[in-house]
Amino acid sequence: MGAHTLGSAKAENSGYKGAWSTSEGVFDNDYYKQMLTRGWGPDLAVNGVKDRNQWKTIDNGPEDGLMLNSDLALAYDNNSVHQKCMAENNNNNRKCKKLQNKGEPINALTS
Ligand code: HEM
C-alpha cells in the first residue's frame, strides 16, 4: 500500500479522485506522513457516484489529499468503546488494552 505514494486516482479510471502524497512520482514515505499528520474526513459520492466514497483532507494543508478505507485502516479503526475507556482513564491504555481490537474497520460511509 505504501506504493500509493507514487500515484493518484482518477475519476475516469476508478471513480476515486486525488493523490495520496504531495510528492507524486517519488518513492518516499510521504503516503504514511500524510496519513498520520493530516486531518481526514469523509468525501461521499465522489463526482456524484454513490458507491464511490473516500476520504479527503479537511485540515488547512494542501487540498486534494486522498485516502481509501483500506488505506486508513492501516492506522485507524472505529472503536468508540476504546475511545470512551481512554477518555475515562486519562488516556492510560493499560486499562483499555483489552478493548483495542474490538473496533470496526474504518468506513467513510458510516464515520
Ligand atoms: C486493498 C488494497 C488496494 C486498494 C483498494 C487499491 C486501490 C487503488 C485505486 C482505487 C487506485 C486508483 C486507480 C486510478 O484511479 O487510476 C490505485 C492506484 C495505485 N495503486 Fe493501489 N490499491 C491497493 C493496493 C495497492 C498495492 C499493494 C500497491 C503496490 C504494491 C498499489 C499500487 C498502486 C499505485 C502505484 C497506484 C497509482 C497508479 C497511477 O497513478 O496510475 N496499490 N490503487
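What you are looking at is a predicted structure, and each value in this text was computed from that prediction instead of being measured. (Residues numbered from 1 in each chain as written. Predicted model: local features only at pLDDT ≥ 70, side-chain atom pairs only at ≥ 80, totals over all residues.)

Participant: Would you mind going over the site of the ligand in detail, with residue names and values included?
Facilitator: What surrounds the ligand is a group of 13 residues, the closest being Ala 3, Gly 7, Ala 9, Asn 13 and Ser 14. Residue classes in the shell around the ligand are distributed as 6 nonpolar, 6 polar and 1 charged. (Near = placed C-beta within 6 Å. Nonpolar A, V, L, I, M, F, W, Y, C, P; charged D, E, K, R; others polar.)

Participant: Mind laying out unusual backbone geometry, listing which residues take part and the relevant values?
Facilitator: Despite not being glycine, Asp 64 has its phi angle at roughly 75 degrees, a positive value. Here Asp 64 is to be found in the loop between strand 4 (54–57) and strand 5 (66–67). Positive phi outside glycine occurs at Asn 90, with the angle close to 55 degrees. Counting through the fold element by element, Asn 90 comes out in the loop between helix 3 (80–88) and strand 7 (104–105). (Helix = DSSP H or I, 4+ residues; strand = E, 2+ residues; numbered from the N terminus.)

Participant: Tell me about the environment of Phe 27, and please be specific about residues and values.
Facilitator: Counting through the fold element by element, Phe 27 comes out in the loop between strand 2 (18–19) and helix 1 (30–37). For the pair formed by Phe 27 and Gly 15, sequence separation is 12 residues and the distance between their alpha carbons is 24 Å. The contacts of Phe 27, once residues within four sequence positions are left out, are Thr 5 and Leu 6. (Contact = placed C-beta atoms within 7 Å.)

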